[in-house]
Amino acid sequence: GALFFSVMASERVVPYPFNFLFRAVMSLIRAIPALVWVLILIPLGGVSSFTATLAIAIDTVGYLGRLLTDELEEIAEGPIEGIRSVGASKPQVVSFGMLSQVFREFIAWLAFDLEHNVRVAIGLGIIGAGGLGLELNIQRRTFNYTEMMACIILILLLAGSVEVMSQRVRSYLREGDEVETEGIIAILLGTPRKIVSSVAGRRG
């Protein structure tokens, strides 16, 4: 959905002011938080994991679509003109002339949005939409503080794992940078040292 809206919102594909309709839809989506989307969608499936998933999907279309639209506006015109000169159709121009130039950025933003959505899902679970957040809330209400702490530790591990995965994906896609070859455990253990050295370097 985000990919479709980003293409249709680009002035290179849909002329102004028609592309503004897709931009307006994405702006409307971003104006409403995911929590409110859950409340709006409750008549469809109640307060459930389905409702939360649908709310996060809609929220993702608004944010990820806008990011990809900005990327498409900054691409080079040369490849597009080259593909048009050999008689390519409009879908071929979009696929091979435009999207091929932002493939790395698309994957990087996708990894970043996945990381964001995990945190949003935990927050929605606390209000009853399922998942670890719901389990955490149940343990809190029943005063099972040991199980509650276990849920918190599991949430931290989950968020940290997604963060590491997202960072690794962006590292592999980053052009001209050295690809990290450390394992996940080494990265997690070495993160505090890197933060301290970075802060010390900036002060110096």
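To start, this report covers the structure provided alongside it. If you're wondering where the values come from, they're calculated on a predicted model, not measured in any experiment.

Quick look at the packing of helix 7 (residues 103-129) against helix 8 (residues 131-141) now. Between helix 7 and helix 8, the least distance of the axes is 6 Å, while the angle of their chain directions is 50 degrees. The orientation of helix 7 with respect to helix 8, classified from their angle, is oblique. Helix-helix and strand crossings are classified by hand; for helix 7 and helix 8 the assignment is right-handed. Each of Ile122, Gly125, Ile126, Gly128 and Ala129 in helix 7 lies in contact with helix 8, whose residues at this interface are Gly131, Gly133, Leu134 and Asn137. Residue composition of the contact of helix 7 with helix 8, by class: four nonpolar, five polar and no charged.

Looking now at the packing of helix 1 (residues 2-9) against helix 4 (residues 49-73). The N-to-C vectors of helix 1 and helix 4 enclose an angle of 45 degrees; their axes lie 8 Å apart at closest approach. Relative to helix 4, helix 1 is oriented oblique. Between helix 1 and helix 4 lies a crossing of right-handed hand. In contact with Ala2, Leu3, Phe5, Ser6, Val7 and Ala9 of helix 1, helix 4 contributes Thr60, Val61, Leu64, Gly65, Leu68, Thr69, Leu72 and Glu73. When the residues that make up the contact of helix 1 with helix 4 are grouped by side-chain class, the tally is nine nonpolar, four polar and one charged.

This brings us to the nonpolar core. Within the largest apolar cluster, 16 residues are counted, with the highest numbers of intra-cluster contacts made by Trp37, Ala55, Val120 and Leu124. Of all elements in the fold, only helix 1, helix 2 (18-31), helix 3 (34-45), helix 4 and helix 7 reach the threshold of two or more residues within this core. Ranked by size, the runner-up nonpolar core spans eleven residues in total, among them Val7, Val13, Val93 and Met98.

Between Tyr16 and the following residue, Pro17, the backbone shows a cis peptide bond with an omega angle of 10 degrees. Tracing the chain through its elements places Pro17 in the loop between helix 1 and helix 2. For Phe143, which is not glycine, the phi torsion reads 60 degrees and is therefore positive. Among the secondary structure elements, Phe143 is positioned in the loop between helix 8 and helix 9 (145-173).

The rules behind these values
Residues numbered from 1 in each chain as written. Predicted model: local features only at pLDDT ≥ 70, side-chain atom pairs only at ≥ 80, totals over all residues. Heavy atoms only, no water. Axes fitted to C-alpha atoms, helices over the stretch in contact; angles between N-to-C directions. Helix = DSSP H or I, 4+ residues; strand = E, 2+ residues; numbered from the N terminus. Parallel < 35°, antiparallel > 145°, perpendicular 65-115°, else oblique. Left-handed = near helix turned anticlockwise from the far one by under 90°. Contact = heavy atoms within 4.5 Å. Nonpolar A, V, L, I, M, F, W, Y, C, P; charged D, E, K, R; others polar. Core = buried A, V, L, I, M, F, W, Y, C linked by side-chain atoms within 4.5 Å. Buried < 20%, exposed > 50% of the residue type's maximum accessible area, 1.4 Å probe, protein only.

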